[in-house]
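Chain by chain, the residues:
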Amino acid sequence: AWNNNDPMYRTTEASTTSYNLGANYRLRDGLHAFYGHSISSRPNGTAVGPDGVPLPPRSEGKGHEVGLKFDLFRERVSGSLAYYTVKSIGEAFLLQGDYGTAVNPNGINGRRTPSSTWIGVDRDSAGVEMLLTAQPIKGWRSRLNAGVTDGIMGESRSYAIYYNDQFHTNGRGGVTFGDLRDREGMTQ
């Protein structure tokens, strides 16, 4: 069978700095306002998408968070309320199911490059989170964590299905590939 595996010679180099930077301000006893900013990145390795195209060499995310931290009733109730946003560029995203195999199947058409179920996408997320810790009686603590997150993929992707329609059958019903000259418009 004809197999169109392309050799893959790809290296990934990424030299980046990831950091978190934050500040808080005491508004009054037991109440602080805070802000945080972070940048993170990671190499995506040598992964390729289902169509054989390499993922972006690295992913990068930038985030902002602002909110309030509080200690009430002599530290019997403490917690925080925060709003955050994150923007990711080139994030490696795992496709569910057999999508990679459907786009780039193995078999009569050959496989273009090693099939993968990872794609690189841009994503925006934002949310609100509340954390509460309470000590209603001595020796007993309880915690409540609630949040709402909304996100959107910044792009849509579609892939053509690789399929070789240049095959023929022989007299016994077996599938064969025509002579290369026949595919170029020449006679056998």
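Residues numbered from 1 in each chain as written. Predicted model: local features only at pLDDT ≥ 70, side-chain atom pairs only at ≥ 80, totals over all residues. Heavy atoms only, no water.

## Overview of the overall build of the chain
When you go through the chain residue by residue, the secondary structure sums to 2 helices and 8 strands. Within the chain, the fraction of its 188 residues that count as buried is 22%. Residue pairs in contact within the chain that sit at least 24 positions apart in sequence constitute 59% of those at least 6 positions apart. As displayed, the chain has an accessible area near 13,000 Å², and 54% of this comes from carbon and sulfur atoms. (Helix = DSSP H or I, 4+ residues; strand = E, 2+ residues; numbered from the N terminus. Buried < 20%, exposed > 50% of the residue type's maximum accessible area, 1.4 Å probe, protein only. Contact = heavy atoms within 4.5 Å. Areas by Shrake-Rupley, 256 points an atom, 1.4 Å probe, with all protein chains shown as cover.)

## Some points on the environment of leucine 72
Looking at the element boundaries, leucine 72 is found in strand β3 (residues 58-72). As a C-alpha pair, leucine 72 and alanine 134 span 62 residues in sequence and 9.5 Å in three-dimensional space.

## Brief notes about the confidence of the model for the chain
If pLDDT is low for a region, its predicted coordinates should not be looked at in detail. Confidence in the prediction of the chain, expressed as mean pLDDT, is 77, and 65% of residues score 70 or more. Contacts of residues 1-9 to residues separated by more than four positions or lying in other chains number 18 contacts, the stretch itself having pLDDT below 50. Contacts of residues 179-188 to residues separated by more than four positions or lying in other chains number 10 contacts, the stretch itself having pLDDT below 50. (pLDDT = per-residue confidence, 0-100.)

## Considering the packing of aromatic side chains
The final tally for this structure, using the stated rule, is 0 aromatic pairs. Directly above the ring of phenylalanine 34 sits lysine 69, whose terminal nitrogen or CZ lies 5.1 Å from the centroid. (Phe/Tyr/Trp six-rings, centres within 6.5 Å; stacked < 30°, edge-to-face > 60°. Lys NZ or Arg CZ within 6 Å of the ring centre and 35° of its normal.)

## Looking at the sheet that holds β3
The strand order across the open sheet formed by 6 strands is β1-β2-β3-β4-β5-β6, and the pairing between neighbours is antiparallel. Each end of this open sheet is capped by a strand with a single partner; those strands are β1 (19-28) and β6 (140-153). Ignoring strand direction, the axes of neighbouring strands in this sheet form an average angle of 15°. Relative to strand β2 (residues 31-43), β1 runs antiparallel, the two being bridged by 9 bridges. Residue alanine 23 lies in a different strand from β2, and its bridge partner there is tyrosine 35. (Pairing = 2+ DSSP bridges. Axes fitted to C-alpha atoms, helices over the stretch in contact; angles between N-to-C directions.)

## Some details on unusual backbone geometry
Among all residues except glycine, the phi angle is most often negative; among peptide bonds, the trans geometry is most common. Positive phi values are uncommon outside glycine, yet phenylalanine 73 reaches one of about 55°. As for its position among the elements, phenylalanine 73 is in the loop between β3 and β4 (77-94).

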